[in-house]
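Summary of structural features
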Amino acid sequence: RLFTDRDYLRDTLQTWGWRAPVVFIVVQALQVIVSPIPGEATGILGGFLFGLALGFVYSTVGLTLGTMGAFWIGRWVGARLLRRYVAGHVWERLGFIVEAEGAILAFVIYLIPGIPKDIVSYLFGISPMSAWVFALVSTLGRMPGTWILSAQGSKTAAGQYVELALLTAVVAALAIPIYYYRHRIVGWLRRAVTQSGNRA
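I will try to describe carefully the structure that is included in this document. Every value quoted in this text rests on a predicted model; they were computed, and no experiment measured them.

In terms of regular secondary structure, the chain is built from nine helices and zero strands. The linear arrangement of helices and strands in the chain, starting from the amino end, is α-α-α-α-α-α-α-α-α. Counting over 200 residues, the chain shows a buried share of 44%. Residue pairs in contact within the chain that sit at least 24 positions apart in sequence constitute 74% of those at least 6 positions apart. When the accessible surface of the chain is summed, it comes to about 10,900 Å², and 66% of that surface belongs to carbon and sulfur atoms.

What follows deals with the environment of F56. Inspection of the secondary structure puts F56 in helix α3 (residues 39-85). Contact partners of F56, with chain neighbours within four places excluded, come to G51, M143, T146, W147 and S150.

Looking now at the packing of aromatic side chains. To describe a pair of aromatic rings, one takes the distance between the centres and the angle between the planes. One pass over the structure, following the stated rule, counts seven aromatic pairs. Ring pairs connect the aromatic residues F71, W72, Y110, F124 and F134, which therefore count as one cluster. Above the face of the W72 ring, R75 is positioned so that its terminal group lies 5.9 Å from the ring centre.

Further remarks concern the nonpolar core. Nonpolar side chains tend to gather and get buried jointly when the protein is soluble and globular. Counting residues in each nonpolar core, the largest one holds 30 residues, and the members touching the most others are L94, F96, I97, I109, V120 and F124. Elements supplying a minimum of two residues to this core: α3, α4 (88-94), α5 (103-111), α6 (117-125), α7 (131-158) and α9 (182-199). Core analysis: the next-biggest nonpolar cluster, separate from the first, contains eight residues, L13, I25, F50 and Y58 among them.

Turning to the side chain of K155, a few remarks are in order. Mapped onto the elements of the fold, K155 is located in helix α7. Once you skip the residues sitting within four places of it in the chain, K155 turns out to touch Q160, E163, L164 and L167.

On the surface, a nonpolar cluster with roughly 500 Å² of combined accessible area is contributed by F107, L111, W132, L136 and L140. For the nonpolar patch, the elements supplying multiple residues, two or more each, are α5 and α7. Looking at the nonpolar patch element by element, the count peaks at three residues for α7. You can see L111 is positioned in helix α5.

A few words now on the pattern of salt bridges. Applying the stated rule across the entire model yields one salt bridge. Linking K155 and E163 is a salt bridge whose minimum nitrogen-to-oxygen distance equals 2.8 Å. For K155, a relative accessible area of 18% puts it in the buried group. Classification of E163 by relative accessible area gives partly exposed; the value is 40%.

Rules behind the numbers
Numbers given to residues run from 1 along each chain, matching the order in which its sequence is written. For a predicted model such as this one, the threshold for reporting local features is a pLDDT of at least 70, and the threshold for listing and counting side-chain atom pairs is 80 or more; totals across whole chains, interfaces and linings nevertheless cover every residue. Side-chain numbers come from the whole structure's heavy atoms, not from hydrogens or water. Each helix corresponds to a stretch of at least 4 residues labelled H or I by DSSP, and each strand to a stretch of at least 2 residues labelled E; elements are numbered beginning at the N terminus. Burial here depends on accessible area, computed with a 1.4 Å probe over protein chains only, as a share of the maximum for the residue type. Under 20% is buried, over 50% is exposed, and the range in between is partly exposed. Every residue pair with non-hydrogen atoms within 4.5 Å of one another is taken to be in contact. What sets the accessible areas is the Shrake-Rupley method with a 1.4 Å probe; for residues, cover comes only from the shown protein chains. Pairing of aromatic rings covers Phe, Tyr and Trp, the last counted by its six-membered ring, and requires centre-to-centre distances within 6.5 Å; plane angles under 30 degrees mean stacked, over 60 mean edge-to-face, and any other angle means tilted. When the NZ atom of lysine or the CZ atom of arginine is within 6 Å of a ring's centre and also within 35 degrees of its normal, the charge is said to sit over that ring. Take the buried residues of types Ala, Val, Leu, Ile, Met, Phe, Trp, Tyr and Cys, join any two whose side-chain atoms come within 4.5 Å, and each joined set is a nonpolar core. Only residues whose relative accessible area exceeds 30% and that take part in no salt bridge are eligible for patches, with like-charged residues grouped when within 9 Å of each other and nonpolar side chains (Val, Leu, Ile, Met, Phe, Trp, Tyr) grouped when within 5 Å. Salt bridge, as used here, is a side-chain nitrogen of Lys or Arg placed within 4 Å of a carboxyl oxygen of Asp or Glu.

Dropping the structure here:
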């Protein structure tokens, strides 16, 4: 219920006092590792509970921990086992990641809305990319989206609905075209990785 009922999670965290940030960070980490948990809801909740600054920091810490957890799980289980649990169409579209080692590629992928970041984190675990580079670029790539969700949550908590509507409109104007063309962008990245591998 903590993962599916936002109001229940908010009330529960508020009764835990100083422990609430720890619990929230754990929830954020788990929503990366356990795919069905909605990350957008917990991101907004962070801003709603803790305000923009702290909500952003706590969300970033939790997302980084969860992303690295998925990365190390992917590295531990290996490509053969991981492929059994990734849908065929997802592997066909994103499987090129296992050959990638470019920091810019990882940054762009985590920046694109609509890409399943949880699956991507597992796939990067079986790529040649070093853990510290992945931790850095995945965290940076997540930050714009994390800030937006935290801002939406904080404005909702403060009752600043006009500002919330304006922020949502601006974000939608920027994100919808990127989301619409996300498959083309991923296709371009896949070709870039393939060409780079062929030259090597």
